[in-house]
Amino acid sequence: MESVIMNGELRNRDQCLISFEDRGYQFGDGVYEVIRVYGGRPFLMEEHLHRFKRSADELKIRLAWDEQELALMFNELVAVNEVMDGKIYVQLTRGAAKRDHLFPGQAEPVLIAYTDPASRPLDKMNKGIRVMTVDDIRWLRVDIKSLNLLPNVLVRQQAHDAGADDAIFVRNGIVTEGSSSNVFGVKDGICYTHPAGNLILNGITRQKLLQLAEAHGIACVEQAFTRDQLLEMDEVFISGTISEVTPVIAVDGQPIGNGKPGAITAKFQEALAEAVRSACPSADIRM
Ligand code: PMP
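Because the structure is predicted, anything quoted here is derived from the model rather than measured.

Draft legend 1. Spotlight on the pattern of salt bridges. Under the counting rule described, the total for this entry stands at 22 salt bridges. Among the ionic pairs, E58 bridges to R141, the shortest N-O distance being 2.9 Å. Taken together, the positions of E58 in helix α2 (residues 45-58) and R141 in the loop between β7 (129-135) and α5 (150-161) put the pair 83 residues apart, joining distant regions of the chain. R141 gets classed as partly exposed once you look at its relative accessible area, which sits at 28%. Here D136 and R138 are joined by a salt bridge, their closest N and O atoms 2.8 Å apart. D136 gets classed as buried once you look at its relative accessible area, which sits at 7%. The class for R138 is buried, based on a relative accessible area of 9%. Through salt bridges with shared partners, a single ionic network connects R54, E58, R141 and D143.

Shown next, in the form of structure tokens:
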């Protein structure tokens, strides 16, 4: 039986019972993170835990463990579950209380963490994906990684039903991000992505790619672009903990560039793979 962590303690997966009055369940009143594990080692865990703490602080949910304690806990979880290639899902809710919109006085926040297998989306990473643009109907604090993913769920399904692989949000004509990823475009050798702020989740992968761009001499700017400009890009790709760097070869049925994954996208894929290899030496990272 796999183990999970509930409020700091390891227990069997079937003994992790959550109240139906948990505010995560009734209000989506909580935050989460997904951390990738390669070759038995969590990748960029510090960065994820830092964002987790920030999300909790923004919602004023008390996190009873500091980032170091959480890292120890999650390393132990990965070890006991013998995760080689997988992910850690971590969630913190404001806890269980009589249903009332006001913050409860008494509730104890509930932290859970579990692991699941994950594999690299190599087929999509090699061939690219087709996306559709959708209206960004989300609230104005999507920088907080909250449990409220209903718009993301709906547009992902909408894209799937329309035969596309994913959806990209557009707010007032401006491309913000993907349904579970950040979006980059390359035009004339320069890479563009929406600036961090309240209108996107500042992806950990996005931040890593910005660092890698600098290290590899790829010009990259945090500058927003419109849907029309997106269609005119030479290359487009999405980034995320699970999607890594996945090329986008068509938007709303129109090919991007020559309709094939581009060279700068490939450079980012290789640079990220190299970062994974050096942080997680047992990782089996091939393109
Ligand atoms: N934006 C959204 C809306 C997401 O859900 C994700 C995935 N967590 C991302 C961006 C990418 O973030 P990260 O690189 O930290 O996975």
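Text resumes after the structure shown.
Draft legend 2. Empty space enclosed by the protein, seen in detail. In this structure the tally under the stated criterion is two cavities of 30 Å³ or more. Considering only enclosed or pocket space, the largest cavity measures out at about 80 Å³ in volume. Lining of the largest cavity is provided by R36, Y38, F43, L44, H48, T205, G240, T241, E244 and L272. Grouping the amino acids of the lining of the largest cavity by side-chain chemistry returns four nonpolar, four polar and two charged. Counting residues domain by domain, the lining of the largest cavity receives three or more from each of domain 1 (3-117) and domain 2 (122-279). Considered as a void within the structure, the second largest cavity measures approximately 30 Å³ in volume. Contributing elements (two or more residues each) for the lining of the second largest cavity: β13 (235-240) and β14 (244-251). Ranked by residues supplied to the lining of the second largest cavity, first place goes to β14 with three residues. Counted by class, the lining of the second largest cavity contains six nonpolar, one polar and three charged residues.

Cut-offs and rules
Positions within a chain are numbered from 1, following the residues in the order the chain's sequence is written. Where local features are concerned, this predicted model is filtered to residues with pLDDT of at least 70; where side-chain atom pairs are given and counted, the filter is 80 or more; whole-chain, interface and lining totals use all residues. Excluded from the side-chain calculation are hydrogens and water; included are all heavy atoms of the structure. We count a salt bridge whenever a side-chain nitrogen from Lys or Arg sits within 4 Å of a carboxyl oxygen from Asp or Glu. Under the scheme used here, helices are H or I runs from DSSP no shorter than 4 residues and strands are E runs no shorter than 2 residues, and both carry numbers assigned from the N terminus. Remark: exposure states derive from per-residue accessible area (1.4 Å probe, protein chains only) relative to the maximum for the residue type, with buried under 20%, exposed over 50%, and partly exposed in between. Here a cavity means grid points, on a 1 Å grid over the protein atoms only, where a 1.4 Å probe fits yet cannot get out; a pocket means an open set of points with protein on both sides within 12 Å along at least five of seven lines; lining residues are those with an atom within 4 Å of a point. Grid points are joined across faces, edges and corners, and a volume is the space filled by probe spheres set on the points. Three categories are distinguished: nonpolar for Ala, Val, Leu, Ile, Met, Phe, Trp, Tyr, Cys and Pro, charged for Asp, Glu, Lys and Arg, and polar for the others, with Gly belonging to the last. A domain assignment, automatic or from a database, supplies the domain bounds used here.

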